[in-house]
Amino acid sequence: MTNGKADSTQSSGTAGGQAAPATAPLNLEALRDITYGMYVVASRKGNKFNAQIANTVFQITSQPPTIAVSINKKNLTHEFISDGKVFTASSLCEETPLPFIGRFGFKSGRDGNKLEGVNYKIGVTGAPIVIDNATSYVEARVIGQTDVGTHTVFVGEIVAADVLMKKACMTYGYYQTIKRGTTPQTAPTFIQKKVEAKPALARWRCLVCGWIYDPEKGDPDGDIKPGVAFEALPENYRCPICGAPKSQFEKLG
Ligand code: FE
């Protein structure tokens, strides 16, 4: 936007034939302004299923309808999509409990069947479509993929899609600020954050997933009201995201 006056806060730019700056800021906080949703991405390898949380699901074209998903090469889902050449993505609603996200986001399918006890249906590609907490889903066959170092971007042609319920879907921002969820290091959007210490009741951080118990906020998903000190939590208290016990928390500050 311009008001006709020179912008004295900008010393350089590309407009008006000016040279590009020799140095540029690299403030990765800017990436936080890119919005995402929260999805369960599932695939199959033969008759085996796996699913994981992903926020990097995005529509590419409308004619034909295609979507892409960025998956870490270390994840079992990556192996399954590479092999099965199909994937599904279920959009999660805002009310999705943290433990449900934790089941798919902070546990590996190599350690057990993540779909056990979860409602899903089989799509036309034979891949599972997670129904629980899902507002809608898309199902795609892989038509291309790009190696981007730690991740692969899989592009899929949509072969099925449907709306399951009319509810607000969870954005990545909602997950982080309202649900106070954390991001595994294997996620494309992972950024190492500094955690500041606070006085009063201490906050405690889960060593497994990085989730922080803040006594001022409690743990709504675990029915812990605000104002309860970590030390006062029941001995069988578990991290709402990854299920780690109290002994796996460290005191901050
Ligand atoms: Fe945890």
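Residues numbered from 1 in each chain as written. Predicted model: local features only at pLDDT ≥ 70, side-chain atom pairs only at ≥ 80, totals over all residues.

### Side note on helix α1 (residues 76-84)
Within α1 the residues assigned to the buried category are T77, H78, F80, I81 and G84. Viewed end-on, α1 has its buried residues packed into an arc of 165°, placing them on one side of the element. The inward-facing, buried residues of α1 abut β1 (39-45), β2 (48-54), β4 (65-72), β5 (86-92), β8 (134-148) and β9 (151-163). Within two residues after α1, K85 carries a phi angle of roughly 60°, on the positive side. (Buried ≥ 20, exposed ≤ 12 C-beta atoms within 10 Å, placed from the backbone. Helix = DSSP H or I, 4+ residues; strand = E, 2+ residues; numbered from the N terminus. Arc of directions from axis to C-beta. Contact = placed C-beta atoms within 7 Å.)

### Things to note about the pairing of β5
Of all 7 residues making up β5, 7 are buried, and the element is well covered by its neighbours. Judged by which residues are buried, β5 turns out to be covered on both faces: V86, T88, S90 and L92 on one side and F87, A89 and S91 on the other are all buried. Alignment of β1 against β5, held across 4 bridges, turns out to be antiparallel. Across the sheet, the residue bridging to V41 is A89, located in β5. Relative to β8, β5 is paired through 7 bridges, and the arrangement is antiparallel. Counterpart to F87 in the pairing with β8 is A140. (Pairing = 2+ DSSP bridges.)

### Section: the nonpolar core
Membership of the largest hydrophobic core comes to 46 residues, with the highest contact counts inside it found for V40, V41, A42, V69, F87 and A89. There are two domains that each give this core at least three residues, and those are domain 1 (33-177) and domain 2 (204-251). What A42 contacts, discounting residues up to four positions off in sequence, is F49, N50, A51, F87, T88, A127, P128, I129 and V130. (Core = buried A, V, L, I, M, F, W, Y, C linked by C-beta atoms within 7 Å. Domains from an automatic or database assignment.)

### Observations concerning helix α2 (residues 98-105)
Where burial is concerned, most of α2 is hidden: 7 out of the 8 residues are buried. Considered for burial, the residues of α2 that qualify are L98, F100, I101, G102, R103, F104 and G105. On the buried face of α2, the contacting elements are β1 and β2.

### As for the sheet that holds strand β3 (residues 57-62)
One open sheet holds the 7 strands; their spatial order is β2-β1-β5-β8-β9-β4-β3, and the pairing between them is antiparallel. The open sheet is flanked by β2 and β3, the only strands paired with a single partner. Put simply, the sheet's adjacent strands are angled 30° from each other on average, direction ignored. Contacts between α1 and the sheet are confined to β1, β2, β4, β5, β8 and β9, with β1 contributing the most and set at about 55° to the helix. Where α2 meets the sheet, its contacts fall on β1 and β2, and the angle it forms with β2 comes to roughly 120°. (Axes fitted to C-alpha atoms, helices over the stretch in contact; angles between N-to-C directions.)

### A short note on the domain arrangement of the chain
Each domain of the chain was delimited in the assignment, giving domain 1 (33-177) and domain 2 (204-251). Each of domain 1 and domain 2 has a C-alpha centre, and these two points are 28 Å apart. The interface is formed by 6 residues belonging to domain 1 together with 6 residues belonging to domain 2. Considered class by class, the residues forming the side of domain 1 that touches domain 2 number 5 nonpolar, 1 polar and no charged. (Nonpolar A, V, L, I, M, F, W, Y, C, P; charged D, E, K, R; others polar.)

### As for the sheet that holds strand β10 (residues 204-206)
Strand order in the open sheet made by the 3 strands is β11-β10-β12, with antiparallel pairing throughout. Two strands close off the open sheet at either side, each with one partner strand: β11 (212-213) and β12 (249-251). As judged from the 3 bridges shared by β10 and β12, these two strands associate in the antiparallel manner. Counted as the bridge partner of R205 is E250 from β12.

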